[in-house]
Amino acid sequence: MTHYAGPLLTRPTAEALLAARDAGAAGWTGSLDLGRSTGTAQLQADAWQWRGERYPYPPLPKDRSIHYWDGEAFAPAARFSGALIKLVPTEWDVPTFEIDGIKMLPTSKTSPLDDARRKVALVEPRGKAVLDTCGGMGYFAACCLDAGAARIHSFEKNPDVLWLRTLNPWSPDPDAPEHGGRLSLRHADVSQAIAQLADASVDALLHDPPRFGIAGELYSLAFYEQLARVLRRGGRLFHYTGSPNKLTSGRDVPREVARRLQEAGFKSELALDGVLAIRR
């Protein structure tokens, strides 16, 4: 899917743009791609121009919305097909996303990209073939690219998440020349597609599944045995679990995961907000 190259508006960005127009300024300088770069928009009374394209002044987006140009108007970066999936701004510029109001990435203390970078560092991806099981916004893949991974095989099951990635300038584009073809992204359910991968074909593994109640198959012993099969001996796995409240859930998911990974052929220990495991 082709990545979007038009402007992205949050409420603060739209407010700044409108304030500059109301002040009679000929231009406004700021970021229209969620902090990836800075540019200047030329302002006129009834429209503004950016990168050679002309746009009407938008209504103010809601506080937790990002709007993109759909060819006719500025629309929320959101879709509903059984669940509401939307791109959500953060104070760190790098957006998160939500499904039915549930935030999918940690953002309370750090940027979701910096959070991903800490986790990716645990599997030491430089020069390695990495399997990224549940690609999401692609932040694990972006960090692997930055860290010098030889290649990244990434899977994402949800087509609406893949669409959001095309709008998000922080999500890596597999076709971007600067990545040199190192990232492949497949629209597929990894719980099924993993059977097609060869034994010991990857050197490191990143597993960031939806919570257990949504995708229990991605926490199963059978799936962990598949992870062990495709990961070479000595290869590292980071499995995100989060920290579900034991008092409300009645379960200690991180320790359950660690024990199940050991059954599947890993040495495992709790690390960050998940489990770090090494293939025995």
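Procedures and definitions
All chains use their own residue numbering, which begins from 1 and follows the written sequence. The model is predicted, so local features are restricted to residues of pLDDT at least 70 and side-chain atom pairs to those at 80 or more, both for listing and for counting; the totals for chains, interfaces and linings are taken over all residues. To obtain the side-chain values, all non-hydrogen atoms of the structure were used and water was disregarded. A helix here means a DSSP run of H or I that spans at least four residues, while a strand means a run of E at least two residues long, and both kinds are numbered starting from the N terminus. The quantity called the radius of gyration is restricted to C-alpha atoms. Its globule counterpart is 2.2 Å times the number of residues to the power 0.38. Contacts are assigned to residue pairs that have any heavy atoms within 4.5 Å of one another. In this description, accessible areas are obtained by the Shrake-Rupley approach with a 1.4 Å probe, and a residue is regarded as covered only by the protein chains that are shown. The sign given to each residue is positive for Lys and Arg and negative for Asp and Glu; His and the chain ends receive no count. By convention, the charge on Lys lies at NZ, on Arg at CZ, on Asp at CG and on Glu at CD. In this scheme, strands are said to pair when DSSP sees at least two bridges between them. Interaxial angles span 0 to 180 degrees and are taken between N-to-C directions of axes, which are lines fitted to C-alpha atoms, for helices over the stretch in contact. Between rings of Phe, Tyr and Trp, where Trp is taken as its six-membered ring, a pair exists when centres lie within 6.5 Å; planes separated by under 30 degrees are stacked, by over 60 edge-to-face, and by other angles tilted. Burial classes follow relative accessibility: with a 1.4 Å probe on protein chains only, a residue under 20% of its type's maximum area counts as buried, one over 50% as exposed, and anything between as partly exposed. Nitrogen and oxygen atoms within 3.5 Å of one another constitute a polar contact, given that in protein one can donate a hydrogen and the other can accept it, and given that sequence-neighbouring residues count only through two side-chain atoms. Using a 1 Å grid laid over the protein atoms alone, points where a 1.4 Å probe fits but cannot get out form a cavity; open sets with protein on both sides within 12 Å along at least 5 of 7 lines form a pocket; any residue with an atom within 4 Å of a point counts as lining. Grid points are joined across faces, edges and corners, and a volume is the space filled by probe spheres set on the points.

Looking at an unreviewed UniProt entry, one finds the protein named SAM-dependent methyltransferase and attributed to Dyella agri.

> Sorry, what's going on with the overall build of the protein here?
In terms of helices and strands, the protein carries eight helices and 18 strands. Relative to a compact globule of 280 residues, whose C-alpha radius of gyration would be 19 Å, the protein shows 21 Å and is just as compact. Within the protein, contacts between residues at least 6 apart in sequence are counted, and of these 58% link residues at least 24 apart. Accessible area of the protein: about 13200 Å², with a carbon and sulfur share of 49%. Side-chain charges of the protein comprise 34 positive and 33 negative groups, with the mean position of each set lying 7 Å from the other.

> How do you make sense of the sheet that holds strand β14 (residues 183-187) when you look at a structure like this?
The strands making up a sheet associate through backbone hydrogen bonding, with each pair oriented either parallel or antiparallel. Ordered by their spatial adjacency, seven strands build an open sheet running β14-β13-β12-β15-β16-β18-β17, and the pairing between neighbours is mixed. Two strands lie at the open edges of the sheet, namely β14 and β17 (266-271), each paired on one side alone. Between one strand axis and the next, the sheet turns through 15° on average, direction left out of account. The strands touched by helix α4 (residues 159-167) within the sheet are β13 (151-156) and β14, with β14 carrying the most contacts at an inclination of about 140°.

> When you look at the packing of aromatic side chains in this model, what are you seeing that I'm missing?
The relative placement of two aromatic rings is captured by the distance of their centres and the angle of their planes. Summed over all chains, the structure comprises eight aromatic pairs. Aromatic pair Y55 and F74: ring centres 5.9 Å apart, planes at 45°, arrangement tilted. Note that Y55 is positioned in strand β5 (residues 53-56) and F74 in strand β7 (residues 74-76), a separation of 19 residues in sequence. Pairing Y68 with W163 gives two aromatic rings, centres 5.8 Å apart and planes at 75°, and the pair type is edge-to-face. Linking Y68 in strand β6 (residues 67-69) with W163 in helix α4, this pair joins segments that are 95 residues apart in sequence. The class for Y68 is buried, based on a relative accessible area of 14%. Through successive ring pairs, a cluster of aromatic residues spans W48, Y55, W69 and F74.

> I'm lost on the sheet that holds β7 in this one. Help?
Pairing within the open sheet is antiparallel, and its three strands lie in the order β1-β6-β7. Looking at the sheet topology across the chains shown, the edges are occupied by β1 (8-9) and β7. Two elements, β1 and β6, share two bridges in a ladder whose sense is antiparallel. Counterpart to L8 in the pairing with β6 is Y68.

> Is there a simple way to explain the environment of W170 in this structure?
Tracing the backbone through its elements, the reader meets W170 in the loop between α4 and β14. The spatial distance from the C-alpha of W170 to the C-alpha of L34 is 8.3 Å, given a sequence separation of 136 residues. A polar contact of 2.9 Å, which involves the side chain of W170, links it to the backbone oxygen of L34.

> Explanation requested: the layout of surface pockets in the structure shown.
Any empty space left between the atoms is revealed when a probe the size of a water molecule rolls over them. Taken as a whole, the largest pocket spans an internal volume of roughly 1200 Å³. Lining of the largest pocket is provided by 48 residues; of these, M104, D208, P209, P210 and R211 occupy positions nearest its centre. Secondary structure elements with two or more residues in the lining of the largest pocket: β10 (96-99), β11 (102-103), α2 (112-121), α3 (139-146) and β13. Looking at which element gives the most residues to the lining of the largest pocket, the answer is α2, with four residues.

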